[in-house]
Each structure stands twice: as C-alpha cells, then as structure tokens.
Amino acid sequence: MVTDAIEHDSVLACAQARTCTVIPVASDGRVDPEAVGQAIRPETELVSVELANGEIGTIQPIREIAEVVRAERARRLETGERRPIYLHTDASQAAGALSVNVSSLGCDLMTLSAAKIYGPKQVGLLWASDEVRLRPLVLGGGQESGVRSGTENVAGAVGFARALELADARRAESSRHLRALRDDLARRLTQAFPGAVVSGPRNPKRRLPGLLHISFPGLDARRLVIGLERRGVYVGTGSACAASRMTESHVLAAVGAPHEVAQGSLRLTLGTPTTSEDVAYAADQIIEVVRGECVRLGISLEGKGSSAASSDVSRPGAPSATKEAAHE
C-alpha cells in the first residue's frame with residue numbers, strides 16, 4: 001500500500017497495520033503525483049490519497065494521481081503481471097464542497113461520511129468499481145452484497161443518500177458562500193495579527209472553502225479554545241481525533257510546522273447556517289482572546305508577519321470560523 005503522511009488516522013492506522021510506504025507532502029500539504037509513482041513497487045496493490053485534508057484544507061490532485069495509477073496498471077498488463085493496483089480516495093471532508101464524481105476523479109474506491117454533509121452520524125459509504133474484489137471483514141448473513149454482514153441500517157442509508165443529493169445540488173452556491181466568509185475571516189485575523197500563520201496552499205481555491213487553519217505562534221491553543229468557548233465561539237485545535245488525545249497534530253508535523261506554531265493553531269470551520277454576522281462576531285472574539293493571551297505572555301503578533309516556518313503561509317484570502325462554528 002502507498003499513502004501519504006497527512007491522511008486521516010482511519011486510513012493511516014489501516015495502512016500501517018500492513019506493509020506500506022508513507023510518502024511525505026509539500027509544506028502546503030500537497031501530495032506530488034510523481035512521488036506517488038516513485039513509491040509504487042511491484043507488490044503495490046493499493047494507493048490511498050484523500051481528496052481534501054480536513055485539518056488544513058489542502059485539496060489533492062486526485063485526477064493526476066489517478067493517471068499515475070492507470071499508467072502502472074497498463075504497464076503491468078502489457079508485461080503480463082497479474083497483480084492489480086487500485087486508487088482509493090477518502091472524500092469525507094470534500095463532499096458538499098467538491099465534486100465526488102468517481103468517473104471524473106478516476107478513482108477505483110471512495111469513502112464518504114454522512115456526518116460531514118448534515119446526514120445521520122455514524123453512517124459511512126464505500127463505493128467500489130466493478131473491477132475491485134472486496135474481501136469481507138464481517139461474515140454472517142451476507143448483507144451488503146456479502147461485503148458486510150449484519151442488519152442493514154436502512155434509515156441511515158436513506159438519510160445519507162438524501163443528504164448527498166442535497167449537498168450536491170447546493171454545492172456550487174454553498175462553496176461560493178463559504179469561500180467568501182472564509183476569506184473575510186482570514187482577512188480580519190491576519191490584518192489584526194500579521195504574525196499569524198495560515199496553513200495550506202497560498203491559492204485559496206486549492207483549500208476547502210469552509211475551513212481555516214490558523215496558528216498564533218507562541219500561544220497555547222487550548223487556552224484559546226476555552227476562552228472562545230465562554231464567548232460562544234467553538235473551534236478546534238486540529239482534527240477531532242488528535243484533539244481528543246491532546247496530542248500534536250501529525251498533519252502539522254508532516255508539513256514541517258515548528259512546535260511553537262503547531263501548539264498555537266486553531267481549526268475554524270464554517271457551515272451552511274453561517275452568516276457574515278457570525279464571522280464578524282467570531283473574528284472580534286478571536287482577536288480579543290488572542291490579544292489577551294499576548295498581553296499575559298508579553299509577546300506580540302501584531303508586528304511583522306511570520307515567515308510561516310516550514311508550512312506554506314497564505315495571508316489574505318485563507319479559510320474561516322464563526323459563532324457557533326461547526327467542527328469535526
């Protein structure tokens with residue numbers, strides 16, 4: 001298996017339980033398709049790269065990676081090799097913001113989560129092309145075409161399908177709306193704190209529209225979270241998984257963020273109900289809380305801008321948060 005260093009833990013944990021190659025990413029979180037090709041070995045059967053990262057928002061070049069996998073598949077067929085090779089993409093964070101058309105993306109397998117698109121929680125979806133043969137992990141009555149036995153969650157599946165229909169129908173309008181709010185929030189925060197670091201690609205179109213990952217070097221994000229919660233602004237310090245373990249994000253480590261940047265990072269997410277008034281309120285509260293912490297510690301983030309260390313800083317026009325912001 002080949003995967004990259006900023007995948008969600010659910011993918012990394014499965015990959016590392018087997019023989020796998022974990023390829024590094026660029027400082028903006030981007031996976032280089034050429035690096036994927038170089039990592040493929042004769043025994044490689046699966047490549048897994050997420051469509052978009054849920055922590056720093058980087059959108060990956062899945063179509064280009066799909067071309068690399070197709071070229072290797074063609075090479076094997078020409079030389080008589082029988083070992084298959086497939087491309088899986090975790091599109092959980094991307095659904096509702098990006099197209100998840102499997103034909104267009106060129107993937108062989110895709111996973112989605114209903115909870116990310118306002119569907120019922122704890123309902124997942126695995127799409128697999130006809131060429132992929134899946135070996136069941138749960139045996140029994142043969143439900144789900146023999147892939148996963150057990151009583152089927154019909155209500156959850158129907159709710160997920162409807163949520164996906166609605167998300168796709170509203171995708172273009174929703175993305176424009178969230179991108180404008182995200183950019184406004186980023187502008188407010190980076191103008192107030194030029195020393196803040198926005199993670200992800202410099203081009204805001206290459207980041208998820210409803211997500212802003214911003215770091216305030218030298219501050220403790222946990223204190224910021226508590227202070228903001230008291231003001232009705234709910235943010236995270238990274239992915240929900242890493243935050244629950246109180247560990248430093250493997251994503252920030254992979255993009256080379258220094259410790260002082262990583263420990264002061266906030267993950268701010270916007271959702272369908274978010275308004276411009278929410279963003280203005282959230283920005284004001286974040287600015288007040290951050291300034292309070294700066295005064296307490298005797299440091300300043302209001303002077304010359306940060307160099308972004310190893311992560312790719314994108315100043316004006318980055319992602320965003322809000323009052324009663326969504327998380328996960």
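Asker: Break down the sheet that holds strand β6 (residues 124–128) for me, citing the residues and quoting the values.
Answerer: Strand order in the open sheet formed by six strands is β2-β1-β3-β4-β5-β6, and the pairing between neighbours is mixed. Unpaired on one side and paired on the other, β2 (21–23) and β6 mark the two borders of the sheet. The mean angle between the axes of side-by-side strands here comes to 20°, regardless of whether they run parallel or antiparallel. Of the strand pairs in this sheet, strand β1 (residues 2–4) and β2 are connected by three bridges, and their pairing is parallel. Across the sheet, the residue bridging to V2 is T21, located in β2. Each of β1, β2, β3 (46–48) and β4 (86–90) touches helix α1 (residues 9–16); the most contacted strand, β1, lies at about 145° to it. Strands in contact with helix α3 (residues 62–78) are β3 and β4; relative to β4, the strand with the most contacts, it is inclined by about 160°.

Asker: Any details on α3? Residues and values, ideally.
Answerer: Here α3 spans 24 Å end to end across 17 residues, near enough to the 24 Å set by a 1.5 Å rise per residue. Within α3 the residues assigned to the buried category are I62, I65, A66, V69, E72 and R76. Buried residues of α3, viewed axially, fall in a sector of 125°; they line one side. Buried residues belonging to α3 abut α2 (33–39), β3, β4 and α4 (102–105). Positive backbone phi, at 85°, marks G80, one or two positions downstream of α3.

Asker: Go over the sheet that holds strand β9 (residues 265–269), please, and point to the residues and values.
Answerer: Judged by pairing direction, the sheet is antiparallel, and its three strands sit side by side in the order β7-β8-β9 without closing on themselves. Two strands in the sheet have a free side with no partner beyond their single neighbour: β7 (197–198) and β9. Sheet topology places strand β8 (residues 211–215) next to β9; five bridges connect them, and they run antiparallel. Along β9, the bridge assignment pairs I214 with L266. Set on the sheet, helix α6 (residues 171–192) makes contact with β7, β8 and β9; between it and β8 the angle comes to about 15°.

Asker: Please set out the packing of aromatic side chains residue by residue, giving values where relevant.
Answerer: Summed over the entire model, instances satisfying the criterion amount to one aromatic pair. Considering the side-chain rings of F193 and F216, the 5.7 Å spacing of their centres and the 85° angle between planes classify their relative orientation as edge-to-face. Within this pair, whereas F193 is found in the loop between α6 and β7, its partner F216 is found in the loop between β8 and α7 (221–229), the two being separated by 23 residues in sequence. With respect to burial, F193 and F216 carry one shared label: buried.

Asker: Report on the pattern of salt bridges, specifying residues and quantitative values.
Answerer: Evaluated as defined, the whole model comprises 17 salt bridges. For D108, the salt bridge is made with R73, and the minimal N-O distance between the two is 2.9 Å. Of this pair, D108 sits in the loop between α4 and β5 (109–113) while R73 sits in helix α3; the two residues are 35 residues apart in sequence, bridging distant segments of the chain. Residue classification places D108 among the buried positions, given a relative accessible area of 11%. With relative accessibility at 24%, the residue R73 sits in the partly exposed group. D184 is paired through a salt bridge with R188; the nearest N and O atoms lie 3.2 Å apart. A residue pair is termed a helical-turn pair when its members lie 3 or 4 positions apart in one helix, as D184 and R188 do in helix α6 at four residues.

Conventions adopted
Position numbers for residues count from 1 along each chain, tracking the sequence in the order it is written. Restriction of local features to residues with pLDDT of at least 70 applies here, the model being predicted, together with a cutoff of 80 or more for giving and counting side-chain atom pairs; totals for whole chains, interfaces and linings are based on all residues. Calculation of side-chain values draws on the structure's entire complement of heavy atoms; hydrogens and water are dropped beforehand. Strand pairing is assigned whenever DSSP identifies at least 2 bridges connecting the two strands. Starting at the N terminus, helices and strands are each numbered in turn, a helix being any DSSP run of H or I of at least four residues and a strand any DSSP run of E of at least two. Here an angle of 0 to 180 degrees is reported between the N-to-C directions of two axes, which are lines fitted to C-alpha atoms, with helices fitted over the stretch in contact. Pairs of residues are marked as contacts when any of their non-hydrogen atoms sit within 4.5 Å. Between the first and last residue of a helix there are one fewer steps than residues, each counted as 1.5 Å, and that sum is the expected span. Type-normalised accessible area, obtained with a 1.4 Å probe on protein chains alone, sets the label of each residue: buried when under 20%, exposed when over 50%, and partly exposed for intermediate values. Working definition: the arc comes from the directions between the helix axis and the C-beta atoms, pointing outward to the latter. Stacked, tilted and edge-to-face are the three classes assigned to paired rings of Phe, Tyr and Trp, where Trp is represented by its six-membered ring and a pair needs centres within 6.5 Å; plane angles under 30 degrees give stacked, over 60 edge-to-face, the rest tilted. Between Lys or Arg on one side and Asp or Glu on the other, a salt bridge is scored when a side-chain nitrogen of the former is within 4 Å of a carboxyl oxygen of the latter.

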